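Read off the chains here:
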Amino acid sequence: MSRADVLHEDVSRLKYVSGAREEALRRLGIESVGDLLCHIPRRYLDFTHAVTIESAPIGSVSTIVGTVDRVSEKRPRPRLVITEVFLVDETGVLQVAFFKQPWLSRDIKRGDRLAVMGKVEFACGFKQMSAPLFERLDANRAAGIVPVHPVSEGISVAWMRRIASVAIGLSLGAPDPLPAPLRARRRLMSSSMSLRAIHFPTSMGERELARRRLAYEETLVLQLGLRLRNDSNLLGVPAVGHTPGGHVAALRSALPFRLSEEQDAAVAQILRDMRDGGRIMNRLLLGDVGTGKTAVASFALACAADTGTQACVMAPTGILAQQYAVKVAPVLEGIGVSCALLTGATPAVERARLLERLAAGDIDVLFGTHAVLTEDVVFPHLSLVVIDEQHRFGVGQRNVLRAKGPGADLLVMSATPIPRTLALSLYGDLDSSVIRHRPVPGAGVTTRVLNEGNRDIAYGAIREAIGAGQRAYVVCPLVADRDDAEELEDVPAPGQDGAPRAPLHSVEGELAHLEIVFPEACVAALHGRMSAVEKDATIEAFRQGAIDILVSTTVVEVGVDVPEATVMLIENGERFGLATLHQLRGRVGRGARAGTCYVIAQGAGRARRKTPSMERLEALEATSDGFELAEMDLRLRHEGEILGLRQHGAMSLRFVDLDADTDIIESAHDDAIEILAHEATLSAPALMPLRHCVIDRYGDVFKEVSGG
């Protein structure tokens with residue numbers, strides 16, 4: 001039986017699985033043997049270092065193995081049941097108390113051998129232990145490491161262990177997905193040994209070795225799936241060999257500043273990829289807020305124009321697309337590169353004229369939103385696709401745009417710094433260029449976390465900025481007071497991760513309030529429920545100075561570039577993640593003047609509660625390095641919440657610790673590239689089990705590669 005056959009066996013075929021236990025397993029999402037093998041223990045009880053009752057130190061956590069001498073039940077007050085168990089060994093007596101578990105007085109019998117783990121105290125002449133972890137030991141079984149699997153009603157922890165053991169036994173004969181030479185080079189356990197050790201380890205060290213083996217396999221399969229899915233879409237498609245020339249040289253001279261070393265390096269990497277006619281570029285340009293990614297991308301656009309072909313830049317919002325038209329298009333047109341803007345707000349007559357020019361090849365660079373994906377948008381010579389804030393688009397949308405120019409190079413950009421491990425996991429099919437530092441030293445933003453008691457500090461800064469002809473943002477988590485925060489994607493539910501429950505500010509409510517606080521100022525709102533035309537008009541008015549204070553949701557997180565904006569106030573700061581907060585504050589301090597971001601948070605102050613949200617805010621105050629913050633965000637929240645990337649394959653990683661497994665992820669990334677360089681379809685006999693694993697998880701990505 002192949003590995004795939006074993007993993008796909010219905011869980012009902014296993015011994016002990018029927019009736020209530022089968023229903024309980026399915027409630028846990030366990031439908032197959034493979035699901036069960038991945039249903040690993042949530043914790044382990046380590047009873048391997050047992051001491052005698054006499055030698056157990058008082059005040060310390062100890063593990064003791066003894067025989068039950070007596071069991072009794074006490075009810076000192078209503079609704080409180082205490083089960084007392086007296087354990088004996090050759091050295092003494094231990095009194096153990098279990099609270100509100102009356103069934104234990106019926107379940108634990110005199111003569112049973114128990115291993116208990118807890119803090120040892122002394123009172124009433126006895127050593128005592130309250131509410132310990134415990135495990136009943138069989139007559140011939142020594143105390144060891146006991147796995148505790150997640151369970152639901154209808155199946156106990158003990159039954160889950162029995163059923164997991166059966167599943168492991170069934171998988172023993174299945175081929176190992178990793179070839180023996182690769183396992184030997186990376187010093188990894190076999191598949192069957194790692195599954196046994198992750199469920200039933202003989203030591204916690206063995207358990208960690210098993211987890212690392214399974215994490216490596218999981219990451220390797222992910223990397224192969226990402227690259228094969230991308231390669232299959234480009235199979236047989238010739239690359240465009242771009243030729244940097246006069247436009248690229250003219251652009252460097254036209255820029256009003258010199259590129260930083262990091263920007264220069266990124267430009268060199270991109271142009272090198274574009275010149276390579278034997279390989280289609282797939283590159284991620286990752287940079288912190290204000291590091292000049294747009295300037296770097298402009299060289300790719302100029303290079304496409306030098307080759308006599310076209311480029312398309314797709315942005316997630318009309319605001320950001322318009323930003324390109326305002327900032328980049330004039331520079332490109334100044335060196336002879338024709339540009340145009342297409343969004344959902346483009347008038348029908350203007351749109352028709354634009355599409356006609358595009359189809360005739362009269363437009364070199366098209367900036368746009370999702371509007372560029374429609375069938376009537378036709379490029380005769382599309383050779384470069386640039387996607388900004390790429391995590392806001394699906395893979396399908398990316399491929400639709402690329403299909404408009406077979407063989408087009410791809411450059412995706414993100415202004416949201418993410419840890420290298422997460423970048424490799426999410427974008428393993430892309431080469432990466434990273435810009436960590438701002439090209440202009442001294443520019444940036446200072447962050448201060450305030451509470452309601454010193455809100456006036458922020459208001460004073462806003463008033464001072466307005467008086468100096470500058471502008472300010474006020475960011476709220478809700479559009480209207482009637483909104484339900486639990487339904488808003490960017491706002492955690494009340495009380496999540498220990499955050500205090502605080503009234504949530506809305507754009508509508510804050511607008512009315514600020515008009516009273518700042519009667520001398522023009523205050524306006526911006527949020528996602530406004531039409532594209534309304535949003536564009538509001539942003540333009542803010543940019544021109546007709547609006548002094550812009551009250552907004554996180555819609556300003558990306559793309560709003562107003563150099564005169566120097567102050568931001570974020571309401572309910574405890575409700576946002578670090579990535580969002582960092583992106584928001586990047587909207588100020590973008591001009592010659594440094595900016596200040598005030599974050600008002602419930603629980604902030606001298607005696608701040610050490611909740612994860614408060615830790616995030618303290619980190620935000622301490623550093624402006626987005627990559628450093630991203631690493632911290634990963635440690636605090638893990639990958640499932642970072643950037644809201646719930647649809648990526650990495651979000652289903654079960655064994656990988658993205659914070660700790662840098663070496664594993666980088667090794668798997670390198671090995672995937674090496675394997676595919678030698679065997680693009682994994683069709684060699686030694687690689688067939690690995691091929692089946694990729695298909696099992698990501699579908700048959702080999703169909704087009706193999707011509708099937």
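Quick notes on the rules
Residues numbered from 1 in each chain as written. Predicted model: local features only at pLDDT ≥ 70, side-chain atom pairs only at ≥ 80, totals over all residues. Heavy atoms only, no water. Helix = DSSP H or I, 4+ residues; strand = E, 2+ residues; numbered from the N terminus. Buried < 20%, exposed > 50% of the residue type's maximum accessible area, 1.4 Å probe, protein only. Areas by Shrake-Rupley, 256 points an atom, 1.4 Å probe, with all protein chains shown as cover. Pairing = 2+ DSSP bridges. Axes fitted to C-alpha atoms, helices over the stretch in contact; angles between N-to-C directions. Contact = heavy atoms within 4.5 Å. Phe/Tyr/Trp six-rings, centres within 6.5 Å; stacked < 30°, edge-to-face > 60°. Lys NZ or Arg CZ within 6 Å of the ring centre and 35° of its normal. Salt bridge = Lys/Arg side-chain N within 4 Å of Asp/Glu carboxyl O. Core = buried A, V, L, I, M, F, W, Y, C linked by side-chain atoms within 4.5 Å.

(A) Structural detail: the overall build of the protein. If you tally the helices and strands in the protein, you get 24 helices and 22 strands. Here the protein holds 708 residues, and the buried ones make up 53% of them. In the form shown here, the protein has an accessible surface area of approximately 30,100 Å², with 51% of it arising from carbon and sulfur atoms.

(B) Summary view of the sheet that holds strand 15 (residues 409–414). The sheet built from seven strands is open, its strands ordered 12-13-11-14-15-10-16 with parallel pairing. The open sheet has two free edges, formed respectively by strand 12 (339–342) and strand 16 (431–435), since each of these has just one partner strand. Taken over all neighbouring pairs, the strand axes of this sheet differ in orientation by 20 degrees on average, direction set aside. Two elements, strand 11 (residues 310–314) and strand 14 (residues 382–388), share five bridges in a ladder whose sense is parallel. Counterpart to cysteine 312 in the pairing with strand 14 is valine 385. Packed onto the sheet, helix 12 (residues 318–327) meets strand 11, strand 12, strand 13 (365–368), strand 14 and strand 15 and runs at close to 145 degrees relative to strand 13. Its contacts with the sheet place helix 14 (residues 348–359) against strand 11, strand 12 and strand 13, and it is angled at close to 135 degrees to strand 12.

(C) Focus on the packing of aromatic side chains. By the definition in use, this model includes six aromatic pairs. An angle of 65 degrees between the planes, with centres 5.3 Å apart, marks the rings of tyrosine 16 and tryptophan 159 as edge-to-face. In this pair, tyrosine 16 is assigned in the loop between helix 1 (3–8) and helix 2 (19–27) and tryptophan 159 in helix 5 (residues 157–171), connecting sequence segments 143 residues apart. Since its relative accessible area comes to 32%, tyrosine 16 is described here as partly exposed. A centroid spacing of 5.2 Å and a plane angle of 65 degrees characterise the contact between phenylalanine 98 and phenylalanine 134, whose relative ring orientation is edge-to-face. A residue pair is termed long-range when its members are at least 10 positions apart, and phenylalanine 98 in strand 5 (residues 92–99) and phenylalanine 134 in strand 8 (residues 133–137) qualify at 36 residues. Of the residues examined, phenylalanine 98 reaches a relative accessible area of 1% and is grouped as buried. Lying over the aromatic face of tryptophan 159, arginine 21 brings its terminal NZ or CZ to 3.8 Å of the ring centre.

(D) Structural context of the side chain of arginine 211. By the element assignment, arginine 211 lies in helix 8 (residues 204–233). Sequence-distant contacts of arginine 211, that is, excluding residues within four places in its chain, are made with Ile198, Phe655, Val656, Asp657 and Asp661.

(E) Region of the structure containing the pairing of strand 10 (residues 282–287). Of all six residues that make up strand 10, six are buried, and the element is covered over most of its length. With five bridges joining them, strand 10 and strand 15 adopt parallel strand pairing. Its bridge partner being in strand 15, arginine 283 is matched across the sheet by leucine 411. Relative to strand 16, strand 10 runs parallel, the two sharing five bridges. Across the sheet, glycine 287 pairs through a bridge with isoleucine 435, a residue of strand 16.

(F) Region of the structure containing unusual backbone geometry. A positive phi is found at arginine 79, a non-glycine position, where the angle reads about 65 degrees. Among the structural elements, arginine 79 can be located in the loop between strand 3 (61–77) and strand 4 (80–89). For alanine 131, which is not a glycine, the phi torsion comes out positive at approximately 50 degrees.

(G) Examining the sheet that holds strand 22 (residues 595–600) more closely. The strand order across the open sheet formed by six strands is 17-22-21-18-20-19, and the pairing between neighbours is parallel. Lying at the two open borders of the sheet, with one neighbouring strand each, are strand 17 (445–450) and strand 19 (523–526). Going across the sheet, the axis of each strand differs from the next one's by a mean of 20 degrees, ignoring polarity. Where strand 18 (residues 471–475) and strand 21 (residues 565–570) come together, five bridges link them in parallel fashion. By the bridge assignment for strand 21, tyrosine 473 is matched with methionine 568. Along the sheet, helix 20 (residues 578–585) contacts strand 17, strand 18, strand 21 and strand 22; its crossing angle with strand 21, the most-contacted strand, is approximately 150 degrees.

(H) Region of the structure containing the environment of leucine 28. Relative to the elements of secondary structure, leucine 28 occurs in the loop between helix 2 and helix 3 (33–37). Taking C-alpha positions, leucine 28 is 7.4 Å from valine 151, a pair spaced 123 residues apart along the chain. With near-sequence residues (within four places) excluded, leucine 28 lies in contact with His39, Pro150, Val151, Ser152 and Met160.

(I) Focus on the environment of leucine 676. Among the secondary structure elements, leucine 676 is positioned in helix 23 (residues 662–678). Through-space distance from the C-alpha of leucine 676 to that of arginine 227 is 8.7 Å; in sequence the pair is 449 residues apart. When near neighbours in sequence (up to four residues on either side) are disregarded, leucine 676 contacts Leu224, Arg227, Leu228 and Leu682.

(J) Structural detail: the pattern of salt bridges. A complete count under the given rule lists 31 salt bridges for this structure. Across the pair glutamate 73 and arginine 75 runs a salt bridge, and its minimum N-O distance is 3.1 Å. Take glutamate 73: its relative accessible area is 34%, and that puts it in the partly exposed class. Arginine 75 gets classed as exposed once you look at its relative accessible area, which sits at 58%. Across the pair aspartate 671 and arginine 185 runs a salt bridge, and its minimum N-O distance is 3.6 Å. A residue pair is termed long-range when its members are at least 10 positions apart, and aspartate 671 in helix 23 and arginine 185 in helix 6 (residues 180–186) qualify at 486 residues. Members of the salt-bridge network, linked through shared partners, are Asp10, Glu22, Arg26 and Glu31.

(K) Seen up close, the nonpolar core. Membership of the largest hydrophobic core comes to 84 residues, with the highest contact counts inside it found for Leu220, Leu224, Leu366, Leu682 and Leu690. In terms of residues, this core owes the most to one element, helix 8, which gives 10 residues. If near-sequence neighbours (up to four positions away) are discounted, leucine 220 is found in contact with Leu178, Leu182, Ala668, Asp671, Ala672, Ile675 and Leu690. Judged by nonpolar contacts, the second largest core, of 40 residues, contains Ala305, Val386, Met413 and Ile435.

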